[in-house]
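Below, each chain spelled out in residue letters.
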Amino acid sequence: MSTAKARPTHARAILGKELYEQLPNTKVLLVGAGGIGLKNIVLVGFGKITLLDLDTIDLSNLNRQFLFRKKDVKQSKALIAAKTAAPFNPNVSLTPIHGNIKEPKYDIPWFQQFDIVLNALDNLDARRHVNKMCMAAQVPLVESGTAGYLGQVQPLLKDSTECFDCIPKPTPKTFPVCTIRSTPSQPIHCIVWSKSYLLGQLFGEDEDASGELDEAEQQGENAQEIATLRKEAQAFNSVHTALRSTDPEINRDAAKLAFQKVFDADIKNLLVMADMWKSRAPPVPLDFDAILDGSFVLRGEVYPQTGSIGADSAPGVNGNEHAAPNGAGLKDQRALSLRDSLELFVHSTNRLAARLQSGNEATISFDKDDEDTLDFVTAASNLRSAAYGIGRQTRWEVKEMAGNIIPAIATTNAIVSGLIVLQALHMLRRSYSAMRNVHLQYKPAVPLSTITLSKPNPECGVCRDTYTLVRCDPSRTMLGDIVRGVLDANGEREVSVYEDKRVLSDPDWDDNLERTLESLNVSRGKFLTIVDEEGEWGTISVGLSVLPPDHPPNAPAYILPSPLPQPLRKEKVLSPPTPATPPRTSTKRALPIDIDSDIIDLAPTPKRPKPTVVRGEESPSKRRRLDEDGLLLMDGPGALLDDVIVID
């Protein structure tokens, strides 16, 4: 029997008749078409698979899976993956989508059409978004990821298990503004500066970054440095204009103008602040012409003409359409000389400027798969590293750090792919007790670790919300209509309304309640969060969607959910009662106070009278001590003996 014909027989025997017959009608959403997920899902026989991915194929994607080939570079991951995997199982229907999962059209009703969602993303923000949508749509989710030899698979089910956000995730590391802009000490500082600051200043919005500097000043960073950085930002205007000008006389030397501004003039301005360089080595201004002619001296070393990039040809890179015709390409793993970095800076700047001048792009931002922006960040970061005496990086190393790339390993992906399918099958069987969090560890003795699923975190701001859906026309629906309609079952109470991090209304400011959702930039795919100000009721998250096609034109502009959401009533945590301590009665005499003169009488306190001890009631130990000292205890003043001397 052929493999194709034997596969259903094997699957039926392993899965059982009931589950096997359920699979062809199962609708699966796979978010992410990278190295994990698709092959095994197709082979098992999930009948209707929707594959969604925003990215295009990069050369670095070819080492960890076999769905893509070198000829597929620059094409859609979703389209190519579906095309390659379709022949694995002709009985499976594959629907590829080249798009962003965060687009408004992928709203709650869109998620609700699926029986299960499988997450295979490498982006924290997108993973959190899918987690929230699955919680809102009540759709089971299998979350997964790999990082080198490590991997993880986590099944998530609303109200039964913790969600992706129940445990706070570490935030990406940030660096102080002054470290990035003035005093870098590591290659990553120069890369972040090139990617997040310089690229945006030259090819992004026409702004002076005043907001970032204002925030840095409020956080107590060096005021003198902040003032210098403000002047630098304002001086970018002339460079900004030259890069966008279509006049050859103006834009001919735009790259040189940018170089001289950033790597010469700005560094000289920093050197004026002598106090900054008392405990650290000062940077060295770079000379454009001297580097090109091989006469530049940097920290006592002459940098000769070792550049291999011709002045009239663009630097070549792996898979770059701008490769030099003479084959003198710049390879990702090659160490760049100072002149190489300068030439790469000039060529990448000119290419990016040409894209702006064509009018097809208003701004350009960094993308690790964009050859022009990667070349620019590589060149700029290496030039800055040279000026500050920091080790330079290859193009591949810059791509890893700038793109937050963690090398993927094919065997790790294969193991995690199998674990995803196992957890998905448990969900479809409703064998919730068999589901596990599975971790792939870097421990040869115990490579797999399984953990019983935890209950939802009561304080989670995602899965503990009460979700509901309102279909509406944002141009005709008032914010107050939604809020009052949703709260009708809970009576009048004081609430605040948010959209993401924006405050739309609160008890002391309700002007927006009479405004349309459209005027507030609230539309399909977004959530209105209604928070009880007294903290007695749980939060309600209202997901917005469009009206159905057959909705009558003269009907209300919105459809409220039925039944209305019933948020959980929060139990107030009562503080423990204070123990009733009886008032202490002081044995001290109260100080006499002269009310008229406010004078306190500080007369000495009389001694307490000693209690009278009756003869025969004294303690035996006391009588014994007195006898040992040669003293007698008399019954009274009249009971004197003849041989007793009374001492006055």
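As shown above, the structure is provided for reference.
The paragraphs below set out a description of the structure included in this document. (Residues numbered from 1 in each chain as written. Predicted model: local features only at pLDDT ≥ 70, side-chain atom pairs only at ≥ 80, totals over all residues. Heavy atoms only, no water.)

### Overview of the pairing of strand 11 (residues 466-472)
At step 1: The element strand 11 is largely enclosed, with a buried count of five among its seven residues.
At step 2: Sheet topology places strand 11 next to strand 15 (residues 540-545); six bridges connect them, and they run parallel. Bridging across to strand 15, L469 finds its partner in G543.
At step 3: In this sheet, strand 16 (residues 558-559) lies alongside strand 11 in antiparallel orientation, the contact comprising two bridges. Looking across to strand 16, one finds that R471 is bridged to I559. (Buried < 20%, exposed > 50% of the residue type's maximum accessible area, 1.4 Å probe, protein only. Helix = DSSP H or I, 4+ residues; strand = E, 2+ residues; numbered from the N terminus. Pairing = 2+ DSSP bridges.)

### Notes on helix 6 (residues 124-137)
At step 1: For helix 6, with 14 residues, the first-to-last C-alpha span of 20 Å sits near the 20 Å given by 1.5 Å per residue.
At step 2: Here helix 6 has its buried residues at A126, R127, H129, V130, N131, M133, C134, M135, A136 and A137.
At step 3: Just downstream of helix 6 lies Q138, where phi reads positive at about 60 degrees. (Expected span 1.5 Å × (residues − 1).)

### Quick word on the sheet that holds strand 10 (residues 448-452)
At step 1: The sheet built from eight strands is open, its strands ordered 3-2-1-4-5-6-9-10 with mixed pairing. Each edge of the sheet is formed by a strand with only one pairing partner; in this case those strands are strand 3 (93-98) and strand 10. Sheet twist, expressed as the average angle between the axes of neighbouring strands with direction ignored, equals 15 degrees.
At step 2: Pairing of strand 1 (residues 27-31) with strand 2 (residues 48-53), which is carried by five bridges, proceeds in the parallel orientation. What sits directly across from K27, in strand 2, is K48.
At step 3: Packing of helix 6 onto the sheet brings it into contact with strand 1, strand 4 (116-119), strand 5 (141-147) and strand 6 (150-156), and relative to strand 5 it is tilted by some 165 degrees.
At step 4: Across the sheet, helix 17 (residues 410-429) is in contact with strand 4, strand 5, strand 6, strand 9 (436-440) and strand 10; its angle to strand 5 comes to roughly 170 degrees. (Axes fitted to C-alpha atoms, helices over the stretch in contact; angles between N-to-C directions. Contact = heavy atoms within 4.5 Å.)

### Comments concerning the packing of helix 12 (residues 254-271) against helix 15 (residues 371-388)
At step 1: The interhelical angle for the contact between helix 12 and helix 15, taken along N-to-C directions, is 30 degrees, at an axis separation of 12 Å. Our classification of the angle between helix 12 and helix 15 gives roughly parallel. Crossing of helix 12 against helix 15: the hand is right-handed. Note on element contacts: helix 15 touches helix 12 through A380, L383, R384, A387 and Y388, opposite F259, F263, I267 and L270.
At step 2: Split into classes, the residues belonging to the contact of helix 12 with helix 15 amount to eight nonpolar, no polar and one charged. (Parallel < 35°, antiparallel > 145°, perpendicular 65-115°, else oblique. Left-handed = near helix turned anticlockwise from the far one by under 90°. Nonpolar A, V, L, I, M, F, W, Y, C, P; charged D, E, K, R; others polar.)

### A word on the packing of helix 14 (residues 338-357) against helix 15
At step 1: The N-to-C vectors of helix 14 and helix 15 enclose an angle of 140 degrees; their axes lie 8 Å apart at closest approach. Accordingly, the angle class assigned to the pair helix 14 and helix 15 is oblique. The chirality of how helix 14 crosses helix 15 is left-handed. Residues L338, S341, L342, L344, F345, S348, T349, R351, L352 and R355 of helix 14 form the contact with helix 15, whose participating residues are E371, D372, T373, D375, F376, T378, A379, A380, N382, L383 and A386.

### Side note on the packing of aromatic side chains
The geometry of an aromatic ring pair is captured by the separation of the ring centres together with the interplanar angle, meaning the angle of the planes.
At step 1: Evaluation of the coordinates by the stated rule reveals 13 aromatic pairs.
At step 2: With centroids separated by 6.2 Å and ring planes inclined at 40 degrees, the aromatic side chains of W193 and Y197 adopt a geometry described as tilted. You can see W193 and its partner Y197 sitting in helix 8 (residues 187-203), four residues apart, about one turn around the helix.
At step 3: Residue W193 is classed as buried on the basis of its relative accessible area of 3%.
At step 4: A ring pair is formed by F203 and F376, whose centres lie 5.5 Å apart and whose planes are at 85 degrees; its orientation type is edge-to-face. Residue F203 is found in helix 8, and its partner F376 is found in helix 15; the two are separated by 173 residues along the sequence. With respect to burial, F203 and F376 carry one shared label: buried.
At step 5: Pairwise contacts between aromatic rings join W193, Y197, F203, F259, F263, F288, F345 and F376 into one cluster. (Phe/Tyr/Trp six-rings, centres within 6.5 Å; stacked < 30°, edge-to-face > 60°.)

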